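Here is what each chain is made of, one letter per residue.
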Amino acid sequence: MWHKIWVLYFFLGFLSHPMYAKGKLLWEDCLWIGMERNGNLGLEQIRSEIFPILTKDKWKQYLPKLGVHYFGIFSKNQEQIDQEYRDVRLQIQQLLYDGGETEREKQKIEIRRLIHSEEKKLLREKVFKSISFSYFNSVKRILVDSIYQLRWERFQWEEKKRKQESELGLSPKGDLNQRKVWEVEFQSKQIHSDSAKKLAHLELQQAMSLDPGVNIILEMGLTERIRLYDPFLVTNSSDKNHPIRKKARLQMELAELDQESLENDWKPKLILGGYVGKNGNAGFPLQNEIYGLSFGVQANLGGTSFQTNTQNGIQSEGNGIQRIPGYGPQPVGPGENSFQSGSIGLFDDIGRNKKIFDSKMSLLQAKSEWKQSEILVLNQIQSTEIKLIEIYRKYNLYLENTKSNFYQHRLRKEERNQGIISEIEYLKSEEEIFVGLETLLDHYFQYITNALELVLLLGEDPFDNRYYKLESKIVPSDLSMILENWKQDFSSENRKINEPKLKKPYPFLMEDPYETR
């Protein structure tokens, strides 16, 4: 299911010019823009292009190496015969056997590519969560601030009414002063709410990689598009291919390959070569045909290097020069010419023991990190699930409490209209609804935030999973009904707080073939 998680990682390229968003943005829109514009994601995508290049270079080890070589000697000295010699030959060299080292190097490159792929997934997950969490917080602050605005409208209306009653002598002056103290506390909260809304908006813009001056407007109605499910009914199963766990397994495989390379470096490398060409002593065109065959062996025996080379050549006519490694050019005549050379470097790899020790330590460290990653992911799943259940229970508790407060408030409204209770007592009843509603919204968005984090750990679709579902149509919920009741009871205007739009269709993520769970 991993490919479903990255629905919003797009292949459109990463923009360098400012983004000017048009219209009201849904959750999907913010993710689209933010992940498209994130510079780190674009950089990692470009960085991944190095691995095909490295693999191609390693493949070239199996191909023969061709080269054209020219060699010339000219001697015009006094009291000596002038000499002129030219040699042009086409040389070829082929690696016959290397103990499997080239194949292991190719495997290492492939594993590093897969590790980088998992790192990209972790980065996408980080960006996905950052944008989503900032979006949820911004929507919550907008809803809370809208509640404050409704209360502010009501307070303005109440203030007019109190002034008229005070001027007519219908209400005591002390009652008016008591109300003013209470209103100061409310206005202080309202100022904080407005500031929190603006800060949340800036945080969302930063998560979306937008400049602070870019104007974006969020489409409200998230509470009518998300259907919550009871986490008590869920039986969790951990995702074995979560990027954290998969990356740790790949790093362990890479360390094992490094150790295997050291254990097999004693195996010799066998190299076959040959040449064909012409040489001569009278300038171009060259007169004498030459050709030959060479065979070399290279090995490392416990830090001691061993190298040998054998070459057999044929000089058709005339005199030639045979170049012997370590001895320089030697004159040869027509017919068969050959040489053998060998060298042993005693303990010339003085750091071999340290390489072996470092390799063992790297493998032990990779195994330890793999075990820790297994424990980390499993513990994160369980701890997040415990928090999620706690938040869901509290959400339902505050939901029922808010419903009860609304019922009690309606009774208080009738009692106030009949003169049974004072205006202050009625406003205190209203305050209970207000505080409870703000707490209810806080737990609602905490549930979605923690559920999203758990869903990403489990490798499920972040829009349709066992904890919630983002619907493509309006789904009335208890919370949306409460918000609508608040609006109807406390606002003189008749406009909806949550007017959702249909879920916008977006294409699925265009991933690399190996970036799947």
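My aim in this report is to walk through the structure given alongside it, one point at a time. This is a predicted model, so every value here is computed, not measured.

### Focus: the packing of aromatic side chains
(1) Moving on: In total, this model carries 9 aromatic pairs according to the counting rule given.
(2) Moving on: Judged by centre distance (5.2 Å) and plane angle (85°), the rings of Tyr444 and Phe445 are edge-to-face.
(3) Moving on: According to the relative accessible area criterion, Tyr444 is buried, its value standing at 1%.
(4) Moving on: Members of the aromatic cluster, joined through ring pairs, are Trp27, Phe128, Tyr135, Phe136 and Phe463.
(5) Moving on: Lying across the ring of Tyr275, Arg89 places its NZ or CZ 4.3 Å from the centre.
(6) Moving on: The ring of Trp59 has Lys106 lying over it, and the distance from NZ or CZ to the ring centre is 3.5 Å.

### A look at the environment of Arg112
(1) Moving on: With respect to the helices and strands, the residue Arg112 is situated in helix α5 (residues 101-167).
(2) Moving on: By relative accessible area, Arg112 is classed as partly exposed at 37%.
(3) Moving on: On a C-alpha basis, the gap between Arg112 and Phe51 in space is 8.1 Å, while along the polypeptide they are 61 residues apart.
(4) Moving on: Discounting residues that sit within four places of it in the chain, Arg112 has contacts with Phe51 and Leu254.

### With respect to the environment of Gln311
(1) Moving on: Along the chain, the position of Gln311 falls in strand β8 (residues 304-315).
(2) Moving on: Note on Gln311: relative accessible area 14%, which makes it buried.
(3) Moving on: It is 6.5 Å that separates the C-alpha atoms of Gln311 and Gln340, two residues lying 29 residues apart in sequence.
(4) Moving on: Those residues in contact with Gln311 that lie beyond four places of it in its chain are Tyr275, Leu293, Ser294, Asn337, Ser338 and Phe339.

### Side note on helix α3 (residues 39-47)
(1) Moving on: Within α3, burial applies to Leu41, Gly42 and Glu44. All buried residues of α3 fall inside an arc of 165° around its axis, so they share one side.
(2) Moving on: Residue Asn38 occupies the N-cap position of α3, its side-chain oxygen lying 3.1 Å from the main-chain nitrogen of Asn40.

### So, the sheet that holds strand β11 (residues 335-345)
(1) Moving on: Ordered in space as β2-β3-β6-β7-β8-β11, the 6 strands form an open sheet in which the pairing is antiparallel. Because the sheet does not close on itself, it has two edges, and the strands there are β2 (65-75) and β11. Sheet twist, expressed as the mean angle between neighbouring strand axes with direction ignored, is 15°.
(2) Moving on: Pairing geometry for strand β7 (residues 288-301) and β8, over 12 bridges, is antiparallel. Opposite Gly296, over in β8, you have Asn309 as the bridge partner.

### A closer look at the pairing of β7
(1) Moving on: Where strand β6 (residues 269-280) lies against β7, 11 bridges are found, and the strand directions are antiparallel. Bridge pairing in β7 places Lys278 opposite Glu289.
(2) Moving on: Once β7 ends, the chain turns through 2 residues before running back antiparallel as β8, passing Gly302 with a positive phi of about 60°.

### Section: the side chain of Arg86
(1) Moving on: Inspection of the secondary structure assignment puts Arg86 in strand β3 (residues 83-97).
(2) Moving on: Among the residues examined, Arg86 registers a relative accessible area of 15% and is labelled buried.
(3) Moving on: Not counting the four nearest positions on each side in its chain, Arg86 is found in contact with Tyr70, Phe71, Gly72, Phe74, Lys278, Asn279, Gly280, Gly283, Phe284 and Leu286.

### A look at the packing of helix α7 (residues 243-263) against helix α8 (residues 352-417)
(1) Moving on: In contact at an axis separation of 9 Å, α7 and α8 are set at 165° when each is read in the N-to-C sense. In terms of their interaxial angle, α7 and α8 are classed as roughly antiparallel. As α7 runs across α8, the sense of the crossing is left-handed.
(2) Moving on: Considered class by class, the residues forming the contact of α7 with α8 number 11 nonpolar, 5 polar and 10 charged.

Reading the values: the criteria
Residues numbered from 1 in each chain as written. Predicted model: local features only at pLDDT ≥ 70, side-chain atom pairs only at ≥ 80, totals over all residues. Heavy atoms only, no water. Phe/Tyr/Trp six-rings, centres within 6.5 Å; stacked < 30°, edge-to-face > 60°. Buried < 20%, exposed > 50% of the residue type's maximum accessible area, 1.4 Å probe, protein only. Lys NZ or Arg CZ within 6 Å of the ring centre and 35° of its normal. Helix = DSSP H or I, 4+ residues; strand = E, 2+ residues; numbered from the N terminus. Contact = heavy atoms within 4.5 Å. Arc of directions from axis to C-beta. Polar contact = N/O pair within 3.5 Å; in protein donor to acceptor, adjacent residues only side chain to side chain. Pairing = 2+ DSSP bridges. Axes fitted to C-alpha atoms, helices over the stretch in contact; angles between N-to-C directions. Parallel < 35°, antiparallel > 145°, perpendicular 65-115°, else oblique. Left-handed = near helix turned anticlockwise from the far one by under 90°. Nonpolar A, V, L, I, M, F, W, Y, C, P; charged D, E, K, R; others polar.

Geometric descriptors of this kind do not, in isolation, establish any biological role.
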